[in-house]
Amino acid sequence: MEIALDVVTKEYEGSSSSTPALSNVSVKIASGEFFFLLGPSGCGKTTLLRLIAGLIQPTAGRILFDGRDVTGLPVDKRGTALVFQGYALWPHMTVRDNVEFGPKMRGVPRDERRRLAFEQLERVEMGEFVDRKPNQLSGGQQQRVALARALAAGTQCLLFDEPLSNLDARLRLHMRDELKSLVKSTGVTAIYVTHDQKEALSMADRIAVMNVGEIVQIGTPEEVYNRPATRFVADFLGEANFLDGRISASGNPARIKTPFGELVGLDERQRPDDSPVICCVRPEHVRLERAQQVSESVESSESENALTATIVSSVYLGDMRQYVCTFDAHADTEWRAATLADGSQRLDPGDRVQLTFDADRVVLLDR
Ligand code: ADP
Ligand code: MG
């Protein structure tokens, strides 16, 4: 089922807040897509999910399922299901009775609903646990039963609201893979809310990054990570280095004048000369070499995208080593560089270094 939101706004009644919980949100989620809503606490993720489920109504705008306007439809007429971790199952019922509950409510005859329940339980590899109670199952198994129950009830869209947030870190990692393959195997459209960028990057087909009631960017994990549309997105999805500048030669790539020298970066929008921009580079895209004695006085003269800096700290992280560097005239501008900690390079605090990076790793953002 395809799900579309058409300029949806939600203001809670009696809310003292001056900004709506959601403002003019438009998005189209393809049938079978595993779609993520990612953003900080309070940005409107749960509100968006509850609007799709039909638990609350928008103040303005429309919600469409396969092109059909469902905006006024109540929750039980929508064919969506919220799947929460743990408390999605009735504890006093067996696995079979939990999964049969939906069909039973619809008046499906006993033999038929038994067959339907078993079919869905087999699909999530829980066919041999039909007589157990939920408290006799692991968290992952409960999640599977909850999915089977939703599917047996005829759900065409699965809605997850931070389903892994109560699990410990190890189990959470394991469940990411498991939940992803489970959801993809159902072929059902699924929307998943999280504030954890690693969860979103590792599981999503596409991600909508949200901030204060708006969708800031929609794209595949690679697109939003490597081509953030704003400084907020760049920051929220991982570590990023920033440098203010102005376009000195427009085009794609463009040349950018910064306080530390000229940089070259991709500018798909081909902003005009003198436009103020922020250059953004991820730490893992920054290479680090000991600065040559000669180039010290001729600040980053020859090579493109080379900045001279001084290492202020170095942290060993097992697989990686992360360096923090500052620039001579601007000690308050810090840049991070992450290199593989394979022992091939040894640099220490106080060392003068040259930071280099490819033009296609420099993302230009509006300032
Ligand atoms: P998230 O799930 O991203 O943390 P929510 O959708 O829960 O965000 O909340 C978005 C905004 O709407 C917040 O400012 C929150 O305080 C407000 N809000 C949420 N639910 C209600 C409610 N029932 N009444 C009034 N304001 C609410
Ligand atoms: Mg929430």
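Everything numeric here is computed off the predicted structure, so don't read it as measured data.

Criteria and cut-off values
- Residues numbered from 1 in each chain as written.
- Chains lettered and ligands numbered in written order.
- Predicted model: local features only at pLDDT ≥ 70, side-chain atom pairs only at ≥ 80, totals over all residues.
- Heavy atoms only, no water.
- Helix = DSSP H or I, 4+ residues; strand = E, 2+ residues; numbered from the N terminus.
- Buried < 20%, exposed > 50% of the residue type's maximum accessible area, 1.4 Å probe, protein only.
- Contact = heavy atoms within 4.5 Å.
- Lys, Arg positive; Asp, Glu negative; His and termini not counted.
- Charge placed at Lys NZ, Arg CZ, Asp CG, Glu CD.
- Near = heavy atom within 4 Å.
- Polar contact = N/O pair within 3.5 Å; in protein donor to acceptor, adjacent residues only side chain to side chain.
- Areas by Shrake-Rupley, 256 points an atom, 1.4 Å probe, with all protein chains shown as cover.
- Nonpolar A, V, L, I, M, F, W, Y, C, P; charged D, E, K, R; others polar.
- Expected span 1.5 Å × (residues − 1).
- Bend = angle between axes of the 7 residues up to and from the residue.
- Pairing = 2+ DSSP bridges.
- Axes fitted to C-alpha atoms, helices over the stretch in contact; angles between N-to-C directions.
- Core = buried A, V, L, I, M, F, W, Y, C linked by side-chain atoms within 4.5 Å.
- Domains from an automatic or database assignment.
- Buried area = accessible area lost by both parts, 1.4 Å probe.
- Salt bridge = Lys/Arg side-chain N within 4 Å of Asp/Glu carboxyl O.

Peer 1: Explain the overall build of the chain to me, and be specific about the residues and the numbers.
Peer 2: When you go through the chain residue by residue, the secondary structure sums to eight helices and 20 strands. Dimensions of the chain, computed from the C-alpha atoms along their principal axes, are close to 85 × 45 × 35 Å. Going through the 367 residues of the chain one by one, you find that 50% of them count as buried. Taking the intrachain contacts of the chain between residues at least 6 apart in sequence as the baseline, contacts between residues at least 24 apart amount to 65%. A gap of 7 Å separates the mean positions of the 43 positive and 52 negative side-chain charges of the chain.

Peer 1: Please provide a residue-by-residue account of the site of ligand 1, values included.
Peer 2: Around ligand 1, the neighbouring residues are Tyr12, Ala21, Pro40, Ser41, Gly42, Cys43, Gly44, Lys45, Thr46 and Thr47. Within the backbone of glycine 42, one N or O atom sits 2.7 Å away from an oxygen atom of ligand 1. In isolation ligand 1 offers 560 Å² of accessible surface; the protein chains occlude 56% of this area. Among the residues forming the shell around ligand 1, the class breakdown is four nonpolar, five polar and one charged.

Peer 1: Could you give an account of helix 5 (residues 169-186), naming the residues involved and the relevant values?
Peer 2: Across its 18 residues, helix 5 extends 26 Å between first and last C-alpha, which sits within 8% of the 26 Å expected from 1.5 Å per residue. At methionine 175, helix 5 shows its maximal bend, which comes to roughly 25°. Every buried residue of helix 5 is accounted for by Met175, Arg176, Glu178, Leu179, Leu182, Val183 and Thr186. Among the residues of helix 5, the N-terminal cap falls to aspartate 168, whose side-chain oxygen and the backbone nitrogen of arginine 170 are separated by 3.2 Å. In the segment just after helix 5, glycine 187 is the residue with positive phi, at about 75°.

Peer 1: Let's hear about unusual backbone geometry: which residues, and what values?
Peer 2: Following asparagine 252, the chain continues to proline 253 via a peptide bond in cis, the omega torsion being 5°. One non-glycine residue, glutamate 125, lies in the positive phi region at around 60°. You can see glutamate 125 is positioned in the loop between helix 3 (110-123) and helix 4 (139-152). The class for glutamate 125 is exposed, based on a relative accessible area of 60%. Backbone geometry at glutamate 162 places phi at a positive 45°, although glycine is not the residue there. Relative to the elements of secondary structure, glutamate 162 occurs in the loop between strand 7 (157-161) and helix 5.

Peer 1: Quick rundown of the pairing of strand 12 (residues 254-258)? Include the residues and the values.
Peer 2: Side chains Ala254, Ile256 and Thr258 project from strand 12 onto a buried face, and the interleaved Arg255 and Lys257 project onto a face without burial. The sheet contact formed by strand 11 (residues 241-249) and strand 12 spans three bridges and is antiparallel. Counterpart to arginine 246 in the pairing with strand 12 is lysine 257. Joining the antiparallel neighbours strand 11 and strand 12 is a turn of four residues, in which glycine 251 adopts a positive phi near 140°. Pairing of strand 12 with strand 13 (residues 261-265), which is carried by five bridges, proceeds in the antiparallel orientation. Residue pairing in the sheet places lysine 257 in a bridge with glutamate 262 of strand 13. Connecting strand 12 to the antiparallel partner strand 13 that follows it, the hairpin turn spans two residues.

Peer 1: Run through the sheet that holds strand 2 (residues 22-29), naming residues and quoting values.
Peer 2: Spatially, 2-1-4-5 is the arrangement adopted by the four strands of the open sheet, whose pairing is antiparallel. One side of each edge strand has no neighbouring strand; the edge strands of this open sheet are strand 2 and strand 5 (68-69). Two strands pair when backbone bridges link them, and strand 1 (residues 3-10) and strand 4 (residues 60-65) are joined in this way by five bridges, in the antiparallel orientation. Across the sheet, the residue bridging to leucine 5 is isoleucine 63, located in strand 4. Strand contacts of helix 1 (residues 45-53): strand 1, strand 2 and strand 4, with the helix running at about 120° to strand 1, the strand carrying the most contacts.

Peer 1: Run through the nonpolar core, naming residues and quoting values.
Peer 2: Counting residues in hydrophobic clusters, the biggest one holds 42 residues, and the most contacted among them are Phe36, Leu121, Val145, Phe160, Tyr192 and Ile207. Top contributing element to this core by residue count: helix 4, with seven residues. Counting 27 residues, the second largest nonpolar core, distinct from the first, contains Ile3, Leu22, Cys157 and Leu159.

Peer 1: Can you break down the domain arrangement of the chain residue by residue, with the values?
Peer 2: According to the domain assignment, the chain consists of domain 1 (3-234) and domain 2 (239-366). Contacts between the two partners involve 10 residues from domain 1 and, on the opposite side, 13 residues from domain 2. For the domain 1 and domain 2 pair, buried surface summed over both sides reaches about 920 Å², with 49% attributable to carbon and sulfur atoms. Per-residue buried area on domain 1 facing domain 2 is highest for Tyr225, Arg227 and Arg231; these three make up 61% of the total on that side. The interface formed by domain 1 and domain 2 includes one salt bridge. The salt bridge involving arginine 227 is made with glutamate 268; its shortest N-O contact spans 3.7 Å. Here domain 1 is connected to domain 2 by four residue pairs in polar contact (both at pLDDT 80 or more). Listing elements by their share of the side of domain 1 that touches domain 2, those giving two or more residues are helix 7 (221-226) and helix 8 (231-236). Broken down by class, the residue content of the side of domain 1 that touches domain 2 amounts to six nonpolar, two polar and two charged.

Peer 1: If you had to explain the sheet that holds strand 16 (residues 306-316) to someone new, which residues and values would you point to?
Peer 2: With respect to topology, five strands assemble into an open sheet ordered 15-19-16-17-18, the strand pairing being antiparallel. Of all strands in the sheet, those bounded by a partner on one side alone are strand 15 (287-290) and strand 18 (330-340). Taken pair by pair, the neighbouring strands of this sheet meet at an average axis angle of 45°, ignoring direction.

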